[in-house]
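Breakdown of the fold
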Amino acid sequence: MKTIILIACLLVSFSALAAKRNITLVNYETDGVKQWLPGTIIVQKGDDVEITLINNVPSGVHGFMIPDFNVRKEVQKGKKEVVTFKAEKAGLFDMKCHLHPAHVGGQLLVIE
Ligand SMILES: [Cu+2]
């Protein structure tokens, strides 16, 4: 009986680690360089992640992509878009604009 209670407590503890993360990124441009800021975001493995993307740069539409989590969205100038995914694996992953590959990309860090 004690073993069952211990296992149940452990399961509850592990499931409590995952959370819903709401993050907002804003597209920033200076001297021709565009970047989603903050450039690095950190979540925990198992989190349900919701990212709001705000694009107010003068150069127009930009993309947001995290290839490892099948995230891909285009954000029109002056608009807001939302992407969601589950951070089901730990590691360091690229975030970038898929429309303009020369952009400086950001990083998603998923910790265990
Ligand atoms: Cu772009």
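Now for a look at the structure at hand. Values in this document were obtained by computation on a predicted structure and should not be read as measured data. (Residues numbered from 1 in each chain as written. Predicted model: local features only at pLDDT ≥ 70, side-chain atom pairs only at ≥ 80, totals over all residues. Heavy atoms only, no water.)

**Focus on the overall build of the protein chain**
The number of helices and strands found in the protein chain is 1 helix and 9 strands. Each helix (α) and strand (β) of the protein chain, taken in turn from the N terminus, gives the series α-β-β-β-β-β-β-β-β-β. Taken over 112 residues, the protein chain has a buried fraction of 34%. Long-range contacts, defined here as pairs at least 24 residues apart, represent 58% of the contacts in the protein chain between residues at least 6 apart. (Helix = DSSP H or I, 4+ residues; strand = E, 2+ residues; numbered from the N terminus. Buried < 20%, exposed > 50% of the residue type's maximum accessible area, 1.4 Å probe, protein only. Contact = heavy atoms within 4.5 Å.)

**Comments concerning the packing of aromatic side chains**
Counting across every chain of the model gives 3 aromatic pairs. Aromatic side chains Trp36 and Phe64 sit 6.0 Å apart centroid to centroid with 85 degrees between the ring planes, which places their arrangement in the edge-to-face category. Of this pair, Trp36 sits in strand β2 (residues 33-37) while Phe64 sits in strand β5 (residues 62-66), and the two are 28 residues apart along the sequence. Judged by relative accessible area, Trp36 falls into the buried class, the value being 8%. Residue classification places Phe64 among the buried residues on the basis of a relative accessible area of 0%. With 5.0 Å between their ring centres and 35 degrees between their planes, Phe69 and Phe85 make a pair best called tilted. (Phe/Tyr/Trp six-rings, centres within 6.5 Å; stacked < 30°, edge-to-face > 60°.)

**Concerning the environment of Pro38**
Counting through the fold element by element, Pro38 comes out in the loop between β2 and β3 (40-44). Residue Pro38 is classed as partly exposed on the basis of its relative accessible area, which comes to 40%. Every residue in contact with Pro38, bar those within four places of it in the chain, is listed here: Thr24 and Leu25.

**What about empty space enclosed by the protein?**
Inspection of every chain in the model, using the stated rule, returns 1 cavity of 30 Å³ or more. Estimates place the volume of the largest cavity at around 70 Å³. Ranked by residues supplied to the lining of the largest cavity, first place goes to β2 with 3 residues. Taken together, the residues that form the lining of the largest cavity break down as 5 nonpolar, 5 polar and 2 charged. (1 Å grid on protein atoms, 1.4 Å probe; cavity = no way out; pocket = protein on both sides within 12 Å on 5 of 7 lines; lining within 4 Å. Points joined across faces, edges and corners; volume = space filled by probe spheres on them. Nonpolar A, V, L, I, M, F, W, Y, C, P; charged D, E, K, R; others polar.)

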